[in-house]
Structures are given as structure tokens and as C-alpha cells.
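Next come the chains, spelled out residue by residue.
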Amino acid sequence: MSDLLISAQDLRKQFRSGNEPVTVFDGLSLDLGRGESLALIGRSGSGKSTLLNVLCGLEWPDAGSLRILGESFEAQSRPLGRAETRWGELRRRRVGVVFQEANLMPALSLLDNVRLRSRLASRDEAPCRDWLERLGIGDLADRYPDQVSGGQRQRAALAMVFAMQPDLILADEPTGSLDRRTAEDVAEVLFNLQSRHGCGLILATHDTELADRCDRTLDLGHRQAR
Ligand SMILES: Nc1ncnc2c1ncn2[C@@H]1O[C@H](COP(=O)(O)OP(=O)(O)OP(=O)(O)O)[C@@H](O)[C@H]1O
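A few points on the structure. All values reported here derive from a predicted model rather than from experimental measurement.

1. Side note on the overall build of the chain
For step 1, the next point in the chain: Counting its regular elements, the chain contains seven helices and ten strands.
For step 2, the next point in the chain: For the chain, whose C-alpha radius of gyration is 17 Å, the value lies close to the compact-globule estimate of 17 Å for 226 residues.
For step 3, the next point in the chain: Taken over the C-alpha atoms alone, the chain extends approximately 50 × 40 × 35 Å along its principal axes.
For step 4, the next point in the chain: Split into buried and exposed, the 226 residues of the chain put 38% on the buried side.
For step 5, the next point in the chain: Taking the contacts inside the chain whose residues are at least 6 apart along the sequence as the reference set, 68% of them involve residues at least 24 apart.

In C-alpha cells, the structure reads:
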């Protein structure tokens, strides 16, 4: 089996502004191997979140092809029917997504949110509380999302992704609403998990220290991989 988790070729994504198409990126290709980490950097509006959304099937590219965890998607075949189902299955079991706005279920406690995520991925629920502990919010396990801060919700969202033990983690500003010290602690847990499980990681960030911890960076402002 190939060790490439992601192989994206010539992706183009446009949005419309009035009648005008606005191109966010065009001709974008990237590969990600098992155990590899890639930081998406670039000025605000350069397309980092859009690319993450394309890589998890929440946005559909206007051109190009994408092979992810053995599943192939072509821009021409819009995500109707089977493609939509395949994306849903990938996100449920194999691709852990952490968004800027942590999307927790408001009616569930933080712990139950993590347990639900773990159950949906058919994982053992036993370590769920432990993930909250490791991210420094174990004492908030029984609180509901609207009873904690934005940074605490963000950490709960990371705990959900860790509990599902994905093959690939896509994270949009995973430490964006954390103070420097907490951000470093969370990054430590993230990179430890990534190296221990050998999963792939793509994160979008404005934090140069976080980007420097990744194996590679892709600057969407200037589109240079190094
Ligand atoms: N649904 C949408 N409709 C129209 N334009 C959009 C949409 N989503 C994003 N855009 C535009 O696409 C461009 C890229 O946005 P994106 O959110 O991907 O940037 P970003 O690099 O993640 O920014 P930031 O660092 O501020 O989070 C921006 O110009 C944005 O206004």
C-alpha cells in the first residue's frame, strides 16, 4: 500500500463575488506522506481554510483531482451520492478535522462530545477522559460547551480528534485562541500523538513557531513549498 496519504493535483478553487469569479488557488498540487506534517501559512485570505475544507470534502474544487487515504475524487464528479458518502465515511473514521470554530454538540458535556466522536470512529471510549486531562481541561469534563472559554472549546475539539485516532489530522489554527504557554503545551500533545501514531498532519497557522515544528511549510501567499 502507498504511504502517500494525500496526493492532490492541479486543484483550483474559485468563489463568486457578485458576477465575478475570484480565484483562491489554481494549479495547486501537494503530497503528504504517512507520519509527515505540513504547515499552511500565508496572509489572511490566502486560502488556508479553503484548502483544508477541500482536503476534507467540505468544499469541492473547481478543477483537479485528489487522492486521499486510497479514495479518489475528481473535480468533474461533484460530491453527489457516492462521493458524498465516501467523504462522510472518511471524516467519521479516518480524517480528524479541527476547525477555527470548534464545533461541539451544545447539548453534550465536553466528555460526552469526545466519547461520541470516539464511538462514531469505532474506538475505545476508555481514554476519552484522559485526552481531556492531557489537554489540561480534565476538570471541565462535565461542563457544556457554552460553559467554557473559546480556548477550552478548542482543546476539547482536539481531544475529540485524538480520541478517534485518525490517519490524518487537518487543523485550522489549532492553537489560535490559546495563550503562548497553553499553545506550546497543546502543540506538544499534538506532535507527540502525530509521531507516535504516525498519522499525517496538515495545519493552517499564523504562528511561526508552530509552523516551524512541521516537516514542511506551504506558503499560500507565495505558494512555495520548502
Ligand atoms: N464561501 C465563500 N464565499 C466567497 N468567498 C469566500 C468563501 N470562503 C472564503 N472566501 C474567500 O476566499 C479567500 C480565502 O479565504 P480563506 O478563509 O481560505 O483564507 P485564510 O488564508 O484561511 O484566511 P485567515 O488566515 O484569515 O483564516 C478569501 O478571500 C475569502 O474571502
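2. Re the site of the ligand
For step 1, the next point in the chain: Taken together, Phe15, Val24, Gly42, Ser44, Gly45, Ser46, Gly47, Lys48, Ser49, Thr50 and Ala204 make up all the residues around the ligand.
For step 2, the next point in the chain: Broken down by class, the residue content of the shell around the ligand amounts to three nonpolar, seven polar and one charged.

3. Let's talk about the nonpolar core
For step 1, the next point in the chain: Of all hydrophobic cores here, the largest spans 58 residues; its most connected members are Leu40, Val114, Ala156 and Ala159.
For step 2, the next point in the chain: Not counting the four nearest positions on each side in its chain, Leu40 is found in contact with Lys48, Leu51, Ile202, Leu203, Ala204, Leu218 and Leu220.

4. Side note on the pairing of strand β1 (residues 4–17)
For step 1, the next point in the chain: Sheet analysis places β1 next to strand β2 (residues 20–33), joined by ten bridges and oriented antiparallel. Paired with Phe15 across the bridge in β2 is Val22.
For step 2, the next point in the chain: The turn linking β1 back onto β2 is made up of two residues, and Gly18 within it adopts a positive phi angle of 65 degrees.
For step 3, the next point in the chain: Bridge count between β1 and strand β4 (residues 63–68): five bridges; the pairing is antiparallel. Residue Ala8 lies in a different strand from β4, and its bridge partner there is Leu66.

5. Topic: the packing of helix α5 (residues 150–163) against helix α6 (residues 180–197)
For step 1, the next point in the chain: At a minimum axis distance of 12 Å, the contact between α5 and α6 shows a crossing angle of 5 degrees. Here α5 is positioned roughly parallel relative to α6, judged by the angle of their axes. Where α5 abuts α6, its residues Gly151, Arg155, Leu158 and Phe162 lie against Thr182, Val186, Leu190 and Leu193.
For step 2, the next point in the chain: By residue class, the composition of the contact of α5 with α6 is five nonpolar, two polar and one charged.

6. Considerations on the pairing of strand β8 (residues 200–204)
For step 1, the next point in the chain: When you tally the buried positions in β8, you get five out of five residues, the bulk of the element.
For step 2, the next point in the chain: Here β8 shows no split at all, with Gly200, Ile202 and Ala204 on one side and Leu201 and Leu203 on the other all buried.
For step 3, the next point in the chain: Across four bridges, strand β3 (residues 37–41) lies against β8 in parallel orientation. In the strand pairing of β8, Ala39 is matched with Leu203.

7. Overview of the sheet that holds strand β5 (residues 71–74)
For step 1, the next point in the chain: Taken together, four strands build an open sheet; the order of strands is β2-β1-β4-β5 and the sheet is antiparallel. If you trace the sheet from one side to the other, it starts and ends with β2 and β5, each paired once. Averaged over all adjacent pairs, the angle separating strand axes in this sheet is 15 degrees, with direction ignored.

Scoring rules and cut-offs
Residues numbered from 1 in each chain as written. Predicted model: local features only at pLDDT ≥ 70, side-chain atom pairs only at ≥ 80, totals over all residues. Helix = DSSP H or I, 4+ residues; strand = E, 2+ residues; numbered from the N terminus. Rg over C-alpha atoms; globule rule 2.2 N^0.38 Å. Buried ≥ 20, exposed ≤ 12 C-beta atoms within 10 Å, placed from the backbone. Contact = placed C-beta atoms within 7 Å. Near = placed C-beta within 6 Å. Nonpolar A, V, L, I, M, F, W, Y, C, P; charged D, E, K, R; others polar. Core = buried A, V, L, I, M, F, W, Y, C linked by C-beta atoms within 7 Å. Pairing = 2+ DSSP bridges. Axes fitted to C-alpha atoms, helices over the stretch in contact; angles between N-to-C directions. Parallel < 35°, antiparallel > 145°, perpendicular 65-115°, else oblique.

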